[in-house]
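Geometric and topological summary
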Amino acid sequence: MRPEKVDLANSPLVRTRARAQSVDELTSNIRNVCGDFEIEPADVSTGRVIGDVSTISVSRFETAIVSLNAKRVLRDKRMIRRDPGEHLFLVVQDKGNCWIHQNETSVQLTPGDMYLVDSAHSSEFVYNGVDARQVSIHLPREEMLHRFGRVCTGGIAIDRGDPLFLAMRAVLTKIFSDDISVAPHHGEAFLSILGAYFHSVEHQEALRDRTSKGVLSRALSMIDRHAMDPDFGPQRLAELLQVSPRTLQRQFGMLGEPVGKRLLAVRLETARARLNAGNESSGRNTIATVAYESGFNDLSYFYRAFRERFGMPPGDIRKKVSL
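Residues numbered from 1 in each chain as written. Predicted model: local features only at pLDDT ≥ 70, side-chain atom pairs only at ≥ 80, totals over all residues. Heavy atoms only, no water.

1. Considerations on the overall build of the protein
Tallying secondary structure elements over the protein gives 11 helices and 12 strands in all. When each of the 323 residues of the protein is scored for burial, the buried share is 44%. Look at the contacts in the protein between residues 6 or more apart in sequence, and 70% of them connect residues 24 or more apart. When the accessible area of the protein is evaluated, it comes to approximately 16800 Å², of which 51% is carbon and sulfur surface. (Helix = DSSP H or I, 4+ residues; strand = E, 2+ residues; numbered from the N terminus. Buried < 20%, exposed > 50% of the residue type's maximum accessible area, 1.4 Å probe, protein only. Contact = heavy atoms within 4.5 Å. Areas by Shrake-Rupley, 256 points an atom, 1.4 Å probe, with all protein chains shown as cover.)

2. Some thoughts on the sheet that holds strand β10 (residues 123-126)
The pairing of strands in a sheet comes from backbone hydrogen bonds and takes either a parallel or an antiparallel form. Taken in spatial order, the 5 strands of this open sheet run β2-β5-β10-β7-β8, and their pairing is antiparallel. Here the strands that pair on one side only, and so sit at the sheet edges, are β2 (38-40) and β8 (105-109). Neighbour to neighbour, the strand axes of the sheet diverge by 15° on average, direction disregarded. Across 4 bridges, the pairing between strand β7 (residues 98-102) and β10 is antiparallel. Across the sheet, residue I100 finds its bridge partner in β10, namely F125. (Pairing = 2+ DSSP bridges. Axes fitted to C-alpha atoms, helices over the stretch in contact; angles between N-to-C directions.)

3. A closer look at the pattern of salt bridges
Inspection of the entire model under this criterion finds 19 salt bridges. Across the pair R75 and D83 runs a salt bridge, and its minimum N-O distance is 3.6 Å. The closest approach of N and O atoms between R147 and E188, which form a salt bridge, is 3.2 Å. Here R147, found in helix α3 (residues 141-148), pairs with E188, found in helix α5 (residues 183-226); they are 41 residues apart in sequence, far enough to count as distant. Under the relative-accessibility criterion, E188 is labelled partly exposed at 34%. Within the structure, one salt-bridge network assembled from shared partners comprises E40, K71, R72 and E124. (Salt bridge = Lys/Arg side-chain N within 4 Å of Asp/Glu carboxyl O.)

4. Some details on the nonpolar core
Core analysis: the biggest nonpolar cluster contains 31 residues, and L90, L139, F190 and F198 have the highest contact counts within it. The element that contributes the greatest number of residues to this core is α5, accounting for 7 residues. Those residues in contact with F198 that lie beyond four places of it in its chain are L116, F148, V151, C152 and I156. Ranked by size, the runner-up nonpolar core spans 23 residues in total, among them C34, V53, V91 and V117. (Core = buried A, V, L, I, M, F, W, Y, C linked by side-chain atoms within 4.5 Å.)

5. Considerations on the sheet that holds strand β12 (residues 156-158)
The 7 strands lie next to each other as β1-β3-β4-β11-β6-β9-β12, forming an open sheet whose pairing is antiparallel. Only two strands of the sheet have a single neighbouring strand rather than two, namely β1 (19-22) and β12. This sheet shows a mean twist of 30° between the axes of neighbouring strands, independent of strand direction. Pairing analysis gives 4 bridges linking β1 to strand β3 (residues 48-58), with the strands arranged antiparallel. Residue pairing in the sheet places S22 in a bridge with R48 of β3. Sheet strands in contact with α3 are β6 (87-95), β9 (114-118) and β11 (132-140), and its direction is about 65° off that of β11.

6. Focus on the confidence of the model for the protein
Looking at the protein as a whole, the pLDDT averages 86, with 87% of positions reaching at least 70. Considering only residues more than four positions removed or in separate chains, one finds that residues 1-6, a stretch of pLDDT under 50, has 19 contacts. (pLDDT = per-residue confidence, 0-100.)

7. What to know about unusual backbone geometry
Phi angles above zero are rare outside glycine, and N103 is one such case at about 55°. Within the secondary structure layout, N103 lies in the loop between β7 and β8. Phi is positive for Q242, which is not a glycine, with a value near 60°. Structurally, Q242 is set in the loop between α6 (234-241) and α7 (245-253).

8. Focus on the side chain of R141
Counting through the fold element by element, R141 comes out in helix α3. Look past the residues within four positions of R141 in its chain and what remains in contact with it is G85, E86, H87, L88, D118, A120, H121, R150 and T153.

So this is what it looks like as structure tokens:
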């Protein structure tokens, strides 16, 4: 069951006044609060957008409340050079939906979801004209790096299925609803829970990395063992490893080559070694026999692949051996 949303923007501390205004006016206001961003309106012909940005001080964090119905808001490398990122923005989706793209990942935020945006990296918020409202808690980037290390940078979706998500949500609700005199204590509690979440992320990434290396090592061993079987291919390899074909391809991406290409290379190297060592006069080591025993069941494909890899047909290898 999905937890109820974190309705921060309706707390007594927050006032929003979304209104029709020019894109330039709202862009200027957002830049004054959040840094250099560019707004693309839902209707380019009007040059106007309904929105507002306001700020409050919550605990010791500057916080922005952004309402708008734009098509998208983006921050690219040119803007970062002009206005270097000084914050991590903890974005809490309060109303409507939004897609966030950062560092080649895409995450959809629905009410209550949280995402930690890194202002030092390009980012894109896609709204597609839907009325949306977000609470953006500004965390000093250098302080966060000093506290938690690089794990907190680059853009992180806070997994709402993680129990720590519920703890963060509860503390944020307290921060936005309690008397401001006790809020600093809640702020430190929130950072402690955030740190625990980062530690969990680091542990999971390390575990995935060890698992990935184990899968790849086993895959390479199985290719060496089964490559001579013409029926052995990427699908069969994935089945033996008990992983999906997509997972298998992702593992081989670390080597910079697909599974099929690696398998073909092993078969061709085996065939070349046999041609170099073989003696055709016995009739047991003809080029066709070498091809079939190296895992090829299509002789014309073998000749073509062999020439592409070694720059000569397999017969030329045999001639050199015979000299």
